[in-house]
Amino acid sequence: MSHDGTISRTDIERPAIERPDSVYFFGTCLVDLFYPEAGMAGMELLKAQGVRVVFPQGQSCCGQPAYNSGYREEALKVARAQLDYFPGDWPIVVPSGSCAGMMSKHWPDLFKGEPDEARACQVASRVWELTQFLVQVLKVKFEDQGPPVKITWHASCHAQREMGVTDEPKALLRQLANVELVELQREKECCGFGGTFAVRHPEISAAMVGDKVADIENTGAKAVVSGDCGCLMNISGALEGGKKPVRGVHIAQFLKERTHG
Amino acid sequence: MGETSINFAKASSAALQDQQLRGNFRRAMDGLMSKRAVQFADTAEWNGVRTLGASVRLRALSKLPELLEKLEANCTKNGIQVHWASTTDEANAIVLSIMQRVNAKLVVKGKSMVSEEMHLNAFLEKHGIESLESDLGEYIVQLDEAMPSHIIMPAIHMNTKQIAHLFKQKIKEAEYTEDVAQLTDLARRVLRKKFATADVGISGVNMAVAETGTLCLVENEGNGRMSTTVPPVHIAVMGLEKVVEKLEDVPPVISLLTRSATAQPITTYVNMISSPRKEGEKDGPNEIHLVILDNGRSGIYADEELRNTLRCIRCGACMNHCPVYTKVGGHAYQAPYPGPIGSILMPQVEGLEKRGELPHACTMCNACVEICPVKIPIVEIMGRLRSEAVHPGDAVKGAGSHASKAEAMVWKGWSMTYASPLAYQFATALLAKLGNAAPASLPLLKEWTNVRSKPRFASRTLHALAREKGIPDV
């Protein structure tokens, strides 16, 4: 572990890269089951930039649920099963800051001392969060084709604090001429999902998402956009549960709707 | 969980229902967060001073045994009597024996979290000694017969009205008033009398300097200075991690501490205590004792990863920024140290059997890590403790005590399914088809749907859609 107390357990250096011909897409288990349209949108945004997208059918999950619950052997088993499916040197793009954080920041420690440690670190070094990849590597320029709308942005904890993704999503949303982005008063505050936290401590989680919903409502936005499906499931579930007329939408899907409309 | 385990969920549930309490915390913590942000507005300066602060603490921990010996030698040379206590019982016994020797009946205390850890007030009371907290917040909490709810601001959970009622009820000469200046004045009058007659003063220690044998104390009210200079005997209690190597290590740590804690560039008083009263001096105690408490800390020190817990300078910034703490407040943790640092420290000090719930009182959002002035990897240690709780081992007391066969089976089943592409695709296809039929009354789903709509499984998984759209597999 790094002894200066950086957030990540082990920092793997990720070299700056040129625009690649092909990328891998890691869909994440939540996207797979609950938000496949966000995953498809993410892949289409990449393809629209002239990049070939490969979706390995053998992939499943980064291992984070077990890892954060203290079951590291089980997490290792699942993480290890992913390694075979990303053999090329292409970047691995993930439509979730949380899963990207798990793969790039926690895999190196999860695999420490294992025979496939080097391989896991090599994979980890190629992981990108989707908006980070669109901005930093593909340098996308979007043209808005949608009607005027007011939205707000929810920043996922792991995207901002593990992957260092803070300005990229908002920079993308600001490219959209007819979209008015109103920032949350407590943008950086956790929505209360936290994986198993939401069911382990349902009342605290409810209080947290309650504060988040109030913050969203105060902006007067018609939609809350986020880059993580865990947060989205929690926030839009609470919006729906409270019969609030605000929709939650993944940034990939929102961008796709606005640009290919 | 063992019978003695502390129920965080139950205590936090009560806190969440108390709208007054929630409002008090939300307002107080929002204020502290924004004030602190102003103090560290310059990112380069923050990064620099934080790296320096972390390195001071790391250097001290890297040679902790040597520095503690040096501290003892230099304190002794200065006339400060040093005592070692491996448990809180031993520490209490040491304090009591000093009191009994001087026939003490009344003690005034400056703020000390270690004495909270020792439950010193209750212990002294049992032995017929009155112990009075002189920090205003601690005094309020003591009158209320409660625990501090924050390590820096013990009474932050109460508003003026509540304090006004408490004073009226508990202080004989009190008239009801909500005027803060009048309330403060009243407390001051009560305390002044006690300072003058106390036999012993007790304080904590913010830092102890090994090379000079100096005890540093920061405070705002002057009560710390009164407690350590007016009574004829001063007893300081500290955890063994509080040592720093040199005098020059003190300024950067104090600067980080006060700005992180209360957003003050410096506190009103910084006390540097290096000896009892010398001949010809007009004030100061005749005796100073330093009680150095282990209470599990040497065990924490022995593990290279867990050792980072001991970097803590007790600023409380992690609490102020924790979205869980700010919802439930300190009392829900039922521990002298609440919030993120308490959630990693308490299970290591008291064992996972008793405190195993605390590492789960966290969404792993990393807000505490982002803010910690000495860069403690709190969330990593949280993860480590979660793992210790389910796997037998000897690094942390009570490791393996939360192992549940059923839970282990669930994760085993999960890993088998997710590690096999065939099993995974079969399971997810089945969920996509039938998952939405699950009744909302199922365990877990029930907790989720109390305030949220039921998550809806898509009719086809991303795997299926990608196949249909002809997205290449390799």
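Placed above this text is the structure.
Computed from a predicted structure; not experimentally measured. (Residues numbered from 1 in each chain as written. Chains lettered and ligands numbered in written order. Predicted model: local features only at pLDDT ≥ 70, side-chain atom pairs only at ≥ 80, totals over all residues. Heavy atoms only, no water.)

Trainee: I'd like a rundown of the interface of chain B and chain A, residues and numbers included.
Mentor: At the junction of the two partners, chain B supplies 76 residues and chain A supplies 78 residues. Counting the surface lost from both chain B and chain A, the interface buries some 6700 Å², and carbon and sulfur atoms represent 60% of this. Summed over the three residues of chain B that lose the most area to chain A, namely Glu380(B), Trp411(B) and Leu462(B), the buried surface amounts to 11% of that side. Across the chain B-chain A interface, the total number found is nine salt bridges. Of the charged contacts in the structure, one is a salt bridge between Asp211(A) and Arg22(B), with a shortest N-O distance of 4.0 Å. (Contact = heavy atoms within 4.5 Å. Buried area = accessible area lost by both parts, 1.4 Å probe. Salt bridge = Lys/Arg side-chain N within 4 Å of Asp/Glu carboxyl O.)

Trainee: If you had to explain unusual backbone geometry to someone new, which residues and values would you point to?
Mentor: All names here are of chain B. The residue Glu 145 is not glycine, and still its phi comes out positive at about 50°. Mapping Glu 145 onto the fold places it in the loop between α8 (136-143) and α9 (160-170). Residue Asn 295 is not a glycine yet carries a positive backbone phi of 45°. Position of Asn 295 relative to the elements: it lies in the loop between β10 (287-293) and α13 (297-302). (Helix = DSSP H or I, 4+ residues; strand = E, 2+ residues; numbered from the N terminus.)

Trainee: Describe in detail the layout of surface pockets, supporting the description with residues and values.
Mentor: Residue and element names in this part refer to chain B. Estimated volume of the second largest pocket: approximately 1200 Å³. Forming the boundary of the second largest pocket are 48 residues, of which Asp 135, Ile 152, Met 153, Pro 154 and Glu 221 lie nearest the centre. Looking at the lining of the second largest pocket residue by residue, the class counts come to 24 nonpolar, 17 polar and seven charged. (1 Å grid on protein atoms, 1.4 Å probe; cavity = no way out; pocket = protein on both sides within 12 Å on 5 of 7 lines; lining within 4 Å. Points joined across faces, edges and corners; volume = space filled by probe spheres on them. Nonpolar A, V, L, I, M, F, W, Y, C, P; charged D, E, K, R; others polar.)

Trainee: Talk me through the environment of Lys139(A); I want residue IDs and the actual numbers.
Mentor: Residue and element names in this part refer to chain A. Within the secondary structure, Lys 139 is located in the loop between α7 (130-137) and β5 (149-154). Between the C-alpha atoms of Lys 139 and Leu 172, which are 33 residues apart in sequence, the distance is 9.9 Å. In this structure the side chain of Lys 139 is engaged in a polar contact, spanning 3.1 Å, whose partner is the backbone oxygen of Gln 136. (Polar contact = N/O pair within 3.5 Å; in protein donor to acceptor, adjacent residues only side chain to side chain.)

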